[in-house]
Amino acid sequence: QVQFVESGGGLVQPGGSLRLSCAASGFSFSTYAMSWYRQAPGQERELVAAISIAGGITKYAESVKGRFTISRDNAKNTMYLQMNSLKPEYSAAYYCNAVAGAGSTRSPIYSWGQGTQVTVSS
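> When you look at unusual backbone geometry in this model, what are you seeing that I'm missing?
The phi torsion at Asn 77 lies on the positive side, around 55°, for a residue other than glycine. Summarising the element assignment, Asn 77 is placed in the loop between β7 (68-73) and β8 (78-83). For Ser 85, which is not a glycine, the phi torsion comes out positive at approximately 50°. One can find Ser 85 in the loop between β8 and β9 (92-100).

> Can you help me understand the pattern of salt bridges in this one?
It is possible for side chains of opposite charge to pair when their charged atoms get near one another. Going through the model one piece at a time under the given rule, you end up with two salt bridges. In this structure, Arg 38 engages Glu 46 in a salt bridge whose closest nitrogen and oxygen atoms are separated by 2.7 Å. With relative accessibility at 34%, the residue Glu 46 sits in the partly exposed group. Where Glu 62 meets Lys 65, a salt bridge forms, and the shortest distance between an N and an O atom there is 2.7 Å.

> Honestly, the state of the cysteines in this entry has me stumped. Any pointers?
A covalent bond bridging the sulfur atoms of two cysteines is what the word disulfide describes. One pass over the structure, following the stated rule, counts one disulfide. Disulfide pairing places Cys 22 opposite Cys 96 at an S-S distance of 2.0 Å. Taking the torsion about the sulfur-sulfur bond, which here is approximately 75°, the covalent link between Cys 22 and Cys 96 counts as right-handed. Of the two residues, Cys 22 is situated in strand β3 (residues 18-25) and Cys 96 in strand β9; the sequence distance between them amounts to 74 residues. For the pair Cys 22 and Cys 96, one class covers both residues: buried.

> Explain the environment of Ser 17 here, please?
Inspection of the secondary structure assignment puts Ser 17 in the loop between β2 (10-12) and β3. Residues Ser 17 and Ser 85 lie 68 residues apart in sequence; the distance between their C-alpha atoms is 6.2 Å. Among all residues touching Ser 17, those that are not within four sequence positions of it are Val 12, Gln 82, Met 83, Asn 84, Ser 85 and Leu 86. Polar contacts involving the side chain of Ser 17 include one to the side chain of Asn 84, which spans 3.0 Å.

> Please clarify how the nonpolar core should be interpreted in this entry.
Here is a general trend for soluble globular proteins: nonpolar side chains tend to be buried in one another's company. Counting residues in each nonpolar core, the largest one holds 29 residues, and the members touching the most others are Met 34, Trp 36, Phe 68, Met 79, Leu 81, Met 83 and Tyr 94. When residues of this core are traced back to their parent elements, those giving at least two are β3, β4 (33-39), β5 (46-51), β7, β8, β9 and β11 (116-120). Phe 68 has contacts with Arg 38, Val 48, Tyr 60, Leu 81, Gln 82, Met 83, Asn 84, Leu 86, Tyr 90 and Tyr 94, leaving out every residue within four places of it along the chain.

> How should the packing of aromatic side chains be read in this particular structure?
Working definition: an aromatic ring pair is given by the centre-to-centre distance plus the angle between the planes. Summed over all chains, the structure comprises nine aromatic pairs. Here the aromatic cluster, defined as three or more aromatic residues joined through ring pairs, consists of Phe 4, Phe 27, Phe 29, Tyr 32 and Tyr 110. Sitting above the plane of the Tyr 80 ring, Arg 19 keeps its charged end 4.0 Å from the centroid. Just above the ring of Trp 112 sits the side chain of Arg 45; from NZ or CZ to the centre is 4.0 Å.

What counts, and at which threshold
Residues numbered from 1 in each chain as written. Predicted model: local features only at pLDDT ≥ 70, side-chain atom pairs only at ≥ 80, totals over all residues. Heavy atoms only, no water. Helix = DSSP H or I, 4+ residues; strand = E, 2+ residues; numbered from the N terminus. Salt bridge = Lys/Arg side-chain N within 4 Å of Asp/Glu carboxyl O. Buried < 20%, exposed > 50% of the residue type's maximum accessible area, 1.4 Å probe, protein only. Disulfide = S-S within 2.5 Å. Contact = heavy atoms within 4.5 Å. Polar contact = N/O pair within 3.5 Å; in protein donor to acceptor, adjacent residues only side chain to side chain. Core = buried A, V, L, I, M, F, W, Y, C linked by side-chain atoms within 4.5 Å. Phe/Tyr/Trp six-rings, centres within 6.5 Å; stacked < 30°, edge-to-face > 60°. Lys NZ or Arg CZ within 6 Å of the ring centre and 35° of its normal.

Here is the structure:
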């Protein structure tokens, strides 16, 4: 059974930092590209960042470039998202998933986990 457990969210002031973790199980983590997504209330889920199988290639949404860093540890079946200089508009539930395809065809493969809530507010 594929499972994603996201953690590390919380309440942070604008300009602050958080590090999210995604613990994956039930599939061969080291053979899949992975991505972070987020969904704010009333909005569609959107791609935030993506990372290749070995971690050498990363992609980011324009809104988070220079602020977020995606990484992975295949030995631990875990992916991370370091978020710096946070803005209130980044508030959302953050999710991870294995993905297929690339660019505009990139799409999540498995069912979603519970996500982790990030709230940026003073």
